[in-house]
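Structural description and commentary
Each chain, written out:
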Amino acid sequence: PETFYLKDYAPFGFVVESVELTFRLAPETTRVLSKIRFAPNPDAPDRHFFLHGEKLKLISSRINGEAVTPVLTDTGLTCDVPDQPFTWEAEVEINPQANTALEGLYMSNGMYCTQCEAEGFRKITYYPDRPDVMSTFSVRIEGEEKVMLSNGNPGDRGAGYSEWHDPWPKPAYLFALVAGDLVNHPDRFSTGSGKDVELNIWVRPGDEDKCAFGMEALKKSMTWDEEVYGREYDLDVFNIVAVDDFNMGAMENKGLNIFNSSCVLASPETSTDANFERIEAIIAHEYFHNWTGNRITCRDWFQLCLKEGLTVYRDAQFTADMRSAPVKRIEDAIDLRARQFPEDNGPLAHPVRPEAFQEINNFYTATVYEKGAEVIGMLKRLVGDEAYYTALDLYFERHDGQACTIEDWIKVFEDSTGRDLAQFKNWYSQAGTPRVSVQDSYEGGTYTLTFRQTTPPTPGQDHKDPKVIPIAVGLLNPNGDEVVPTTVLEMTKAEQSFRFEGLSARPIPSILRDFSAPVILTRETSAEERAFLLAHDTDPFNRWEAGRELAKASRIAMVTEGASPDAQYLDALQSLVRDDALDPAFRALVLSPPSESEIAQALADQGVTPDPDAIHDAAETFAQTLAQNLSDSLPRLFAATKVEGPYKPDARDAGLRALNGRILALLTRIDGAEAAAKQFETADNMTVQNTALACLLKAEKGEAQSQAFYEQWQDDRLVMDKWFALQVATARPERAPGVAEALTRHPLFTIKNPNRFRAVMGALSMNHAGFHQADGSGYRLLADQLIALDPLNPQTTARMCTALQTWKRYDADRQEKILTELKRIKAVDGLSRDTNEMVSRILD
Ligand code: B3K
Ligand code: ZN
């Protein structure tokens, strides 16, 4: 397969002045007529006329009205063209019904919809399908569908057709079309400058009652982007559509966002608090793309983080403002460590801005998105809030309507702040998670912190330069008072010391506050000091982090030395749980144990081969001991943290429910699952119903309730996804592969729906000890399923291969079993480019 390189970038030989498309919809024989105005591009090195096109049946083509016969290849066509501006016309036929890859134009439950990012437009018609080719689009849809939508503003509409015009030039990846028997949840929004915008969420009939929350989230996002970034919406309508079959969360098509129904539909009865929070964040994310992504887009796909890192950063700011900033920061750190660190430290490691790819869809990764957002956060911390917003104003002013690069982005900061950011760029070009170690000393009132940074080699990058690392530090005195408030140290060298003068006693340092950089911090310190920080740190992130470090240390000692759960840590947890002065959401987070996979990684980092079963046993023993130690107060705590009154998905109630859920999980260990059974009986919202069922299943006392849940919800596909996932997630390790395998034979299982597939196989890969069963049954099942899915949906198959990326952590036996499966996948005849690239990189 061909590899594409950043260094080979060259502009396209032509500019596209306008695009007119007509769709004649038919499930198996849709006709797409295109009329495109091309003109020579004076900035391009050559005039080679190549249009991308895949799986298209070319019916006819004309240049300036004259029939032409282009040369067709597997990936597109070439043709002799005039030296002057000219009009290209083509008619192609496509088969949406047969499109199971969910890229291009496809059908989901009888409804037409599109997904074009990154390179799906070429499956719709012949076109220069690259983000630096921007044009205005006019679209006419002909069909019998009740609702027929495209980008931009609505135009003429009549029996059997509907027309749309998008006045904003855009790349083809932002094109969208939806047609089907849809109903809408309408609303309006008035922008700061008084523009009246029509808002709609379009859904299948029956889902109308699940739109109100998403609509509120949209309006909040629109207001927030005006207030915080000064960005207004720029069309007369903003449409959101929910579809059931979708490869990822949602897509920011101009004026017509398309959402996985799991990321927009919400109701108290069917959605959990976590669902509500995620929906709010994704609606915001896609909306924010209107400026960071659409108005200013990427020159090429290597620059993906330009829009994704920035937009993730913006949606995180939004969530922090709508909910709790410390809680959001802790959640993001947990997520980064769970998904990005393993990527950055394994065979799939790549820079935030990759330099080569075979299949770009494989680079919509935690590194590009989440580490990309961390890089923005560091930049903001380094230049300060005010300078950050000044730079953003300049970015929007200078680059509106352009397709840009990371160099453009950095230059905006250099020009507006006068700083030299050359070294900062290493964050974009060098992969791998930096390790930062700290040593301290105290002498004559001066306290010195000495940091060392190193980044281990990653595939293709043996040598790493030091990065600019903003390290937020605060110092506490032994009474717990803060003697030095949060200060950002700017580390630029491999080794660097920072001095604090005039201290009357040796302070206790609180380092990397607010998780100020995506690094692995190591510091030799005592359990006493961590317990002190857990009790006294004024920085909520580091307070939580101190608890996390204690938890990890205890878990590791249990696994490697057969130690008992650390008594000091157990005590600290018990007093925290009872501390009503603390935010319940924060207490819930402190009570959430590190994942078994995280412990496995921590062990591997120390040179110990992780044993998944032993790690699982330690986790169980720890939870059991905590439950027993707290047993006298659990019933009272459980009652005291119950949320009264009608369900509200807001941060306050959700935080309390999260704490209540953690307490129920402990209580279930000692009360014979009585409280969980009662909660299941009386549940009036999905959060508590789901929590109760999870506790019951984990205790292996939930068979009847699982059946009842199934009967209650079998017609609700999103709730059924939860039912599938819960059974695998809660299964004892030795049962997990068998439970997952049985579920793949359930009548409601379908490999064609990515949500359902992920519910089962994603849950298996996250049941750490279950997936890593020594007999290899977890690996085998995953490989069987991936081999079955690949011919239908390469994107989702390739994405799921990441479950195997950590194979080098484990013992020789497991390694060999994983390798066997990887090789079995790789040997499949006609394996997709997507999956082939992933498997090859993992094997490397
Ligand atoms: N930009 C899309 C992701 C497209 C993924 C293509 N494989 C969603 C988002 O990040 O907002
Ligand atoms: Zn995005």
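If you're wondering where the values come from, they're calculated on a predicted model, not measured in any experiment.

1. Observations concerning the overall build of the protein chain
Within the protein chain, the regular secondary structure consists of 27 helices and 31 strands. In terms of overall dimensions, the protein chain is globule-like: its C-alpha atoms have a radius of gyration of 27 Å, near the 28 Å expected for 844 residues. If you line up the protein chain on its principal axes, its C-alpha atoms span 85 × 65 × 60 Å. For the protein chain, the residues scored as buried account for 51% of the 844 residues in total. Within the protein chain, contacts between residues at least 6 apart in sequence are counted, and of these 69% link residues at least 24 apart.

2. Re the site of ligand 1
Around ligand 1, the neighbouring residues are Glu117, Ala118, Met248, Ala250, Met251, Glu252, His285, Glu286, His289, Glu308, Asn361 and Tyr364. Considered class by class, the residues forming the shell around ligand 1 number five nonpolar, three polar and four charged.

3. Remarks on the domain arrangement of the protein chain
Along its sequence, the protein chain is organised into domain 1 (297–429), domain 2 (437–524) and domain 3 (714–844). Taking only C-alpha atoms into account, the centre of domain 2 sits 41 Å from that of domain 3.

4. Some thoughts on the pairing of strand 2 (residues 14–24)
The pairing of strand 2 with strand 3 (residues 30–40) spans 10 bridges and is classified as antiparallel. Note on strand 3: the bridge partner recorded for leucine 21 is serine 34. In sequence, strand 2 turns back onto strand 3 through a hairpin of five residues.

5. Describing the nonpolar core
In a soluble, globular protein the nonpolar side chains are often hidden away together inside. In terms of nonpolar packing, the biggest core is built from 233 residues, with Val178, Val241, Ile258, Val728, Val760 and Leu764 touching the most fellow members. Those residues in contact with valine 760, other than ones at most four positions away along the chain, are Phe724, Val728, Ala740, Leu743, Thr744 and Phe749.

6. Overview of helix 20 (residues 717–730)
An ideal rise of 1.5 Å per residue puts 20 Å on 14 residues; helix 20 measures up with 20 Å between its terminal C-alpha atoms. Extensive coverage of helix 20 is indicated by the burial of 13 of its 14 residues.

7. Regarding the packing of helix 11 (residues 567–578) against helix 14 (residues 612–629)
Relative orientation of the contacting elements helix 11 and helix 14 amounts to 55°, with a least axis distance of 11 Å. Accordingly, the angle class assigned to the pair helix 11 and helix 14 is oblique. The element helix 11 and its partner helix 14 pack so that their crossing is right-handed. Here Leu570, Leu573 and Gln574 of helix 11 lie close against helix 14, whose contacting residues are Thr625, Leu626 and Asn629.

8. As for the sheet that holds strand 30 (residues 508–511)
Ordered by their spatial adjacency, three strands build an open sheet running 28-27-30, and the pairing between neighbours is antiparallel. Two strands in the sheet have a free side with no partner beyond their single neighbour: strand 28 (482–491) and strand 30. Each adjacent strand pair in this sheet contributes to an overall mean axis angle of 25°, direction not counted. Relative to strand 28, strand 27 (residues 469–476) runs antiparallel, the two being bridged by seven bridges. The partner of isoleucine 471 across the bridge, within strand 28, is leucine 489.

9. A look at the sheet that holds strand 16 (residues 177–180)
The sheet built from four strands is open, its strands ordered 10-11-16-13 with antiparallel pairing. Single-partner strands in this sheet number two, and they are strand 10 (104–108) and strand 13 (147–150). Ignoring which end each strand starts from, the neighbouring axes of this sheet average 15° apart. Judged from the four bridges that link them, strand 13 and strand 16 form a sheet pairing that is antiparallel. When the bridges of strand 16 are listed, valine 147 appears paired with glycine 180.

10. Quick notes on unusual backbone geometry
Here the amide bond leading from glutamate 117 into alanine 118 is cis, since omega sits at 5°, within 30 degrees of zero. Summarising the element assignment, alanine 118 is placed in the loop between strand 11 (111–115) and strand 12 (135–142). If you check the backbone angles, aspartate 514 has positive phi at about 55° while not being a glycine. Examined against the element boundaries, aspartate 514 turns out to sit in the loop between strand 30 and strand 31 (520–522).

11. Digging into the environment of glycine 445
Structurally, glycine 445 can be placed in the loop between strand 25 (435–443) and strand 26 (446–454). A C-alpha to C-alpha distance of 63 Å links glycine 445 and aspartate 196, two positions 249 residues apart in sequence. Not counting residues up to four positions away in its chain, the partners in contact with glycine 445 are Glu501, Gly502, Leu503 and Ser504.

12. Things to note about the pairing of strand 12
Pairing of strand 2 with strand 12 involves six bridges; the strand directions are parallel. Residue pairing across strands places leucine 21 opposite valine 139, the latter belonging to strand 12. In this structure, strand 12 lies alongside strand 15 (residues 161–170), joined through seven bridges in antiparallel fashion. Counterpart to serine 135 in the pairing with strand 15 is lysine 170.

13. A word on the environment of threonine 668
With respect to the element layout, threonine 668 can be found in helix 16 (residues 651–668). If we skip the residues at most four places from it in the chain, threonine 668 touches Ala673, Ala675, Ala676, Cys695 and Ala699.

Rules used in this analysis
Residues numbered from 1 in each chain as written. Chains lettered and ligands numbered in written order. Predicted model: local features only at pLDDT ≥ 70, side-chain atom pairs only at ≥ 80, totals over all residues. Helix = DSSP H or I, 4+ residues; strand = E, 2+ residues; numbered from the N terminus. Rg over C-alpha atoms; globule rule 2.2 N^0.38 Å. Buried ≥ 20, exposed ≤ 12 C-beta atoms within 10 Å, placed from the backbone. Contact = placed C-beta atoms within 7 Å. Near = placed C-beta within 6 Å. Nonpolar A, V, L, I, M, F, W, Y, C, P; charged D, E, K, R; others polar. Domains from an automatic or database assignment. Pairing = 2+ DSSP bridges. Core = buried A, V, L, I, M, F, W, Y, C linked by C-beta atoms within 7 Å. Expected span 1.5 Å × (residues − 1). Axes fitted to C-alpha atoms, helices over the stretch in contact; angles between N-to-C directions. Parallel < 35°, antiparallel > 145°, perpendicular 65-115°, else oblique. Left-handed = near helix turned anticlockwise from the far one by under 90°.

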